[in-house]
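Architecture and fold: a report
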Amino acid sequence: MILGYILGGIVLYYVVRFVFNIILPILKTTKVVRQKMQDMQQPPQNPYQQNTTSSHTQKPQAPSNSTRVGDYIDFEEIKDKG
């Protein structure tokens, strides 16, 4: 009689352990993967959303002006004080 309760408790312990360590993490992972797949398949709500986020990450290009003042000093303009 007592041996039956002990064996039943051991079996119940391993069943609960199996469910919480293997079955529940698999179900949670499956749910997350399905949600991510649905999010990827749906088009974005705002069509300009991707363009605005990518434009913020890019650096604005500086104008290519070859006559900038103060960036370059010609060798001839430097005068020797000695």
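Residues numbered from 1 in each chain as written. Predicted model: local features only at pLDDT ≥ 70, side-chain atom pairs only at ≥ 80, totals over all residues. Heavy atoms only, no water.

Section: the overall build of the protein chain
- Looking only at helices and strands, the protein chain has two helices and zero strands in total.
- Among the 82 residues that make up the protein chain, the fraction classed as buried is 0%.
- Accessible surface for the protein chain amounts to roughly 8800 Å². Of this, 62% is attributable to carbon and sulfur atoms. (Helix = DSSP H or I, 4+ residues; strand = E, 2+ residues; numbered from the N terminus. Buried < 20%, exposed > 50% of the residue type's maximum accessible area, 1.4 Å probe, protein only. Areas by Shrake-Rupley, 256 points an atom, 1.4 Å probe, with all protein chains shown as cover.)

Here's the deal with the packing of aromatic side chains
- Scanning the model with the defined rule gives one aromatic pair in all.
- For the ring pair Y13 and Y14, a centre distance of 5.1 Å and an interplane angle of 75 degrees mean the geometry is edge-to-face.
- With a relative accessible area of 48%, Y14 lands in the partly exposed category. (Phe/Tyr/Trp six-rings, centres within 6.5 Å; stacked < 30°, edge-to-face > 60°.)

Some words on a nonpolar patch on the surface
- Taken together, the side chains of V11, L12, V15, V16, F18, V19, F20, I22, I23, L24, I26 and L27 present a nonpolar region at the surface, about 1000 Å² in accessible area.
- With respect to the helices and strands, V19 occurs in helix α1 (residues 2–41).
- Owing to a relative accessible area of 30%, V19 belongs among the partly exposed residues under this scheme. (Patch = residues over 30% accessible without salt bridge, like charges linked within 9 Å, V, L, I, M, F, W, Y side chains within 5 Å. Salt bridge = Lys/Arg side-chain N within 4 Å of Asp/Glu carboxyl O.)

Focus: α1
- Compared with an ideal rise of 1.5 Å per residue, which puts 40 residues at 58 Å, α1 spans 57 Å between its outermost C-alpha atoms and is within 8% of the ideal.
- At V19, α1 is bent by approximately 35 degrees, the largest bend along its length. (Expected span 1.5 Å × (residues − 1). Bend = angle between axes of the 7 residues up to and from the residue.)

The analysis is restricted to geometry; functional conclusions fall outside its scope.
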